[in-house]
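Each chain is listed here by its residues.
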Amino acid sequence: MNIIHLTLKIWRQTGPESKGSFKTYESGPITTAMSFLEMLDVLNERLILSGEEPVAFDHDCREGICGMCGSVINGTPHGPEKKTTLCQLHMRHFKDGDTLVIEPFRSRAFKLVKDLIVDRSPFDAIIAEGGYVSVNTGGTPDANAIPIPTFTAEQALDAAECIGCGACVAACPNGSAMLFVGAKISHLALLPQGQPERSKRALAMVKKMDELGFGNCGNEKYCEKACPKGISISNIARLNREFMKAAFCSVEE
Amino acid sequence: MQLDHRIPSGPLTEKWDRFRFETKLINPANKRKFEIIVVGAGLAGASASATLGELGYNVKTFCIQDSPRRGHSIAAQGGINAAKNCQNDGDSIWRLFYDTIKGGDFRAREANVYRLAQISNQIIDQCVAQGVPFAREYGGLLANRSFGGAQVSRTFYARGQTGQQLLLGAYSAMMRQVKTGKVTLHPRSEMMDLVVINGQARGIVTRNLITGAIDSHAADAVVLATGGYGNAYYLSTNAMASNVTATWRAYKRGAAFANPCFVQIHPTCIPVHGTYQSKLTLMSESLRNDGRVWVPTRSGDKRPPTEIPEAERDYYLEKKYPSFGNLVPRDVASRNAKEQCDQGKGVGDTGLAVYLDFADAINRLGEAAIRQKYGNLFDMYEKITGQDPVKEPMTIYPAVHYTMGGLWVDYHLMSTVPGLFVLGEANFSDHGANRLGASALMQGLADGYFVLPATISSHFAKSALVPITTSHPAFTEAIDTTKGRIQRLLSINGKRTPDDFHRELGLLLWDHCGMARNEAGLKLALDRLSELREKFWHNLKVTGSGADLNQTLERAGRVADFIEFAEVMILDALSRQESCGCHFREESQTAEHEAKRIDDTYSHVSAWQYQGEDQTPTLHKEPLVFENIQLSQRSYK
Ligand SMILES: Cc1cc2nc3c(=O)[nH]c(=O)nc-3n(C[C@H](O)[C@H](O)[C@H](O)COP(=O)(O)OP(=O)(O)OC[C@H]3O[C@@H](n4cnc5c(N)ncnc54)[C@H](O)[C@@H]3O)c2cc1C
Ligand code: SF4
Ligand code: FES
């Protein structure tokens, strides 16, 4: 375990309407076994004692699964490590004397709340349009009534692993949510349970996505690179196929 | 206070059917006249909200996170149990019932646990229909894995993220109701108080975590699904926002708190690295299938593990428990690790860790086979510690993981406050003194999808509820109390942060009300606790104001509640002078130093009733009656 010192340039903004700016802090001694968020905790403890409001940031599980954390570190959402959420990024990946620029997940559709916190509720609004199978509780058939090939189940799970963190949107120059939406559409389109509402779902979720101000996919793959769960861009291709098929061939309302 | 469990009469296997048959129903057209508040959107809260919405009730759902998809349930890894007997290995509803009662060391109600086992199969059907991608066999049918405490393979899973997939299923079902308008979401809202009018739970007071606004909400019933209180120990495997606030405030409004001292400590977590550590990460206990636990025989031996010869290693679990070896239950493994470290044989920088060594398994089966089995876990370990468990043994240490205690509820899942229902980890109901792996997810979903929707209608059918609005004085009083408390926290302006106090509380509980407890230690902890409370209210520092997003203030409020709650936890541990399940009282052990249960005196649920600020709470006992199974002492020798 080593000790390093960093210079932190952190985006500070008191609220959605106020003007924000970068503020520079010295990290003080940081052990390399700490996680990135623990490094921020240490800074915040110091700020509180000095009477300054600590840096607001979202986090909860600190295990890389809830999707609550995330900031842009030196231009990269969730920082430099591949397939790693910010909470699972450890300080041993940084060098003594490094300067880190820490910003929120900026995007047209995500309003800033405070400091590093943004409003990702548009994701929930998209899911509400059709990111589900319309079955009520009870009266469902036996779980083994429809066999599902291992490969299909695994592929569906690959897509269903999305944690809804929003890094894909922050990484995209167009602020597109296609990776997030593609992951949900793929998860359900691959499974037999998702078939009855397949077309309706694609149309409704895409419509909502556009309405909420998310941009279009420019095929630059920034989202895939930023995604902590390795959600593949092939899900966007599937989303496009599903949408086209639904728009041109669907006989559903 | 009367503890009426309201268990239906009749044979165990018929109770739930009988209840549903005899219960009064609400006409579908009338359901829309009822408002229900659900606090919490983890598995229990989301599944309840979805189902209540489908049935036609008007539901308001609250959670702390920015989205209901992030509730702490999302972190569950291993799986969910059900008695489907897919493997034809002799499983049945009765066996799942028996294993759960026995696993809980005979401190849970037969009727509740039997119902849980009955419902378990329907849960899997429900989740599959929602599109939860469970693991499958090559033929396309559902796969199972084995878990501790059972000799059958009955655990359904989705890689190492079963909780995530189940929660996303429940969340999506709930979002469908949001779309229909039956469920209204209130994310980033924290429940601050319960409002009780004419003895009925009729609303809550919340704080909007973005604007700081204190709001009130009236309803015909309130459902708490706010999870467990493991974070009382500061370090635990729980998510950072997990808290006792909602249940604690309900307790202060009259809901009895049951078995608060029953806390599960998981043996295989990544050890603590330093004082700045914010949480502990669980490593699946499946690792103990191939890993061997050891420490150096000589205390204070600081050589790296590879330099310690075989003869100087103590495989203490294999030695002490020859038949179960490294696979002894969670509590036994945890206690033994602590014992070794207490003797100075702990390893790593802090001396608070033991080795979990895969070298033998790798020699026997090859590195590839071991990587295939545990690759994910090894990667996770390496990501956090920077060490490769193939090259050197893992280090592990126990950590607080799950709380069996919670608000007391009857068979209907209703607390001692009529109209207040409690689901999931927040209640005490099904796991007795110890929870088996993969049964918390089962319980949360059973409560939310199936039990509450049936029992709440019987409550509405029977109660004459007068219309109430938030202009009722009880709401004004609760709002004032909440505001006063926030003001108090903000105005102390002392010199210590909320986390600093939280760490101190955590250590105190860990040392004296953790894996092993004794009277002297518990009494000492009580004294220290009141000093800590004093210090907290005189020397706390909270920056900012109550009028916007203020995470320091949020934490301060939760820590204040943990400090108050800890007292009841310790009192409960003191009063239960037996060892049972996870609660090991050093005074109550066998000649071989194993836990000794005392059924004659302690076969009961302990339910604590609030008596006012600075008053000792009253202990009520609900006797546990076992009509269908024989009590036995656990033995793993
Ligand atoms: C790392 C880990 C792994 C686990 N693995 C397994 C496993 O494999 N199998 C298994 O069966 N169990 C497992 N468990 C246990 C299981 O995950 C939990 O017991 C269960 O998910 C709890 O669900 P819940 O719905 O009761 O509460 P939670 O999921 O904790 O949800 C609580 C909800 O309440 C809200 N809330 C809390 N307080 C307030 C408040 N004051 N105001 C408003 N909202 C509030 C939160 O925002 C959240 O939405 C695991 C636990 C951990 C920690
Ligand atoms: S697709 Fe990846 S980056 Fe986008 S929300 Fe999901 S997990 Fe996050
Ligand atoms: S805090 Fe949950 S993913 Fe990072």
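Residues numbered from 1 in each chain as written. Chains lettered and ligands numbered in written order. Predicted model: local features only at pLDDT ≥ 70, side-chain atom pairs only at ≥ 80, totals over all residues. Heavy atoms only, no water.

**Some words on the sheet that holds strand S18 (residues 604-609) of chain B**
Residues and elements named next belong to chain B.
Part 1 of the reasoning: Across the sheet, 4 strands lie side by side as S16-S10-S18-S19; this open sheet has antiparallel pairing. The open sheet is flanked by strand S16 (406-407) and strand S19 (618-623), the only strands paired with a single partner.
Part 2 of the reasoning: Pairing between strand S10 (residues 257-258) and S18: 2 bridges, direction antiparallel. When the sheet's bridge partners are listed, Phe257 is paired in S18 with Trp608. (Pairing = 2+ DSSP bridges. Helix = DSSP H or I, 4+ residues; strand = E, 2+ residues; numbered from the N terminus.)

**Some points on the site of ligand 2**
Part 1 of the reasoning: Looking at ligand 2, the residues that line it are Phe123, Cys162, Ile163, Gly164, Cys165, Gly166, Ala167, Cys168, Leu179, Cys227, Pro228 and Ile231 of chain A.
Part 2 of the reasoning: Partitioning the shell around ligand 2 into residue classes produces 10 nonpolar, 2 polar and no charged. (Near = heavy atom within 4 Å. Nonpolar A, V, L, I, M, F, W, Y, C, P; charged D, E, K, R; others polar.)

**A closer look at the side chain of Arg207 of chain B**
Residue and element names in this part refer to chain B.
Part 1 of the reasoning: Relative to the helices and strands, Arg207 is located in strand S7 (residues 200-208).
Part 2 of the reasoning: Buried Arg207, no salt bridge; nearest opposite-charge side chain is Glu554, N-O distance 4.5 Å.
Part 3 of the reasoning: At 3.2 Å, the side chain of Arg207 forms a polar contact with the backbone oxygen of Gly546.
Part 4 of the reasoning: Separated by 3.1 Å, the side chain of Arg207 and the backbone oxygen of Asp548 make a polar contact. (Buried < 20%, exposed > 50% of the residue type's maximum accessible area, 1.4 Å probe, protein only. Lys, Arg positive; Asp, Glu negative; His and termini not counted. Salt bridge = Lys/Arg side-chain N within 4 Å of Asp/Glu carboxyl O. Polar contact = N/O pair within 3.5 Å; in protein donor to acceptor, adjacent residues only side chain to side chain.)

**Thoughts on the domain arrangement of chain A**
All names here are of chain A.
Part 1 of the reasoning: Examined at the domain level, chain A breaks down into domain 1 (3-113) and domain 2 (120-249).
Part 2 of the reasoning: A straight line from the C-alpha centre of domain 1 to that of domain 2 covers 29 Å.
Part 3 of the reasoning: Taken together, the contacts link 18 residues of domain 1 with 22 residues of domain 2.
Part 4 of the reasoning: Contact between domain 1 and domain 2 buries roughly 1500 Å² in total, counting both sides, with carbon and sulfur atoms accounting for 62%. (Domains from an automatic or database assignment. Contact = heavy atoms within 4.5 Å. Buried area = accessible area lost by both parts, 1.4 Å probe.)

**Observations regarding the interface of chain A and chain B**
Part 1 of the reasoning: Between chain A and chain B, the residue contacts involve 75 residues of the former and 76 residues of the latter.
Part 2 of the reasoning: Buried area between chain A and chain B, both sides added, is near 6300 Å², and the carbon and sulfur share of it is 50%.
Part 3 of the reasoning: The tally of links from chain A across to chain B stands at 10 salt bridges.
Part 4 of the reasoning: The partner of Glu63 of chain A in a salt bridge is Lys279 of chain B, and the shortest N-O contact between them spans 2.9 Å.
Part 5 of the reasoning: Between chain A and chain B we count 48 residue pairs in polar contact (both at pLDDT 80 or more) in total.
Part 6 of the reasoning: Listed by contribution, the elements that provide at least two residues to the side of chain A that touches chain B are helix H1 (36-49), strand S8 (111-114), strand S9 (117-119), helix H2 (121-128), helix H3 (150-160) and helix H5 (178-190) of chain A.
Part 7 of the reasoning: Top contributing element to the side of chain A that touches chain B by residue count: H3 of chain A, with 7 residues.

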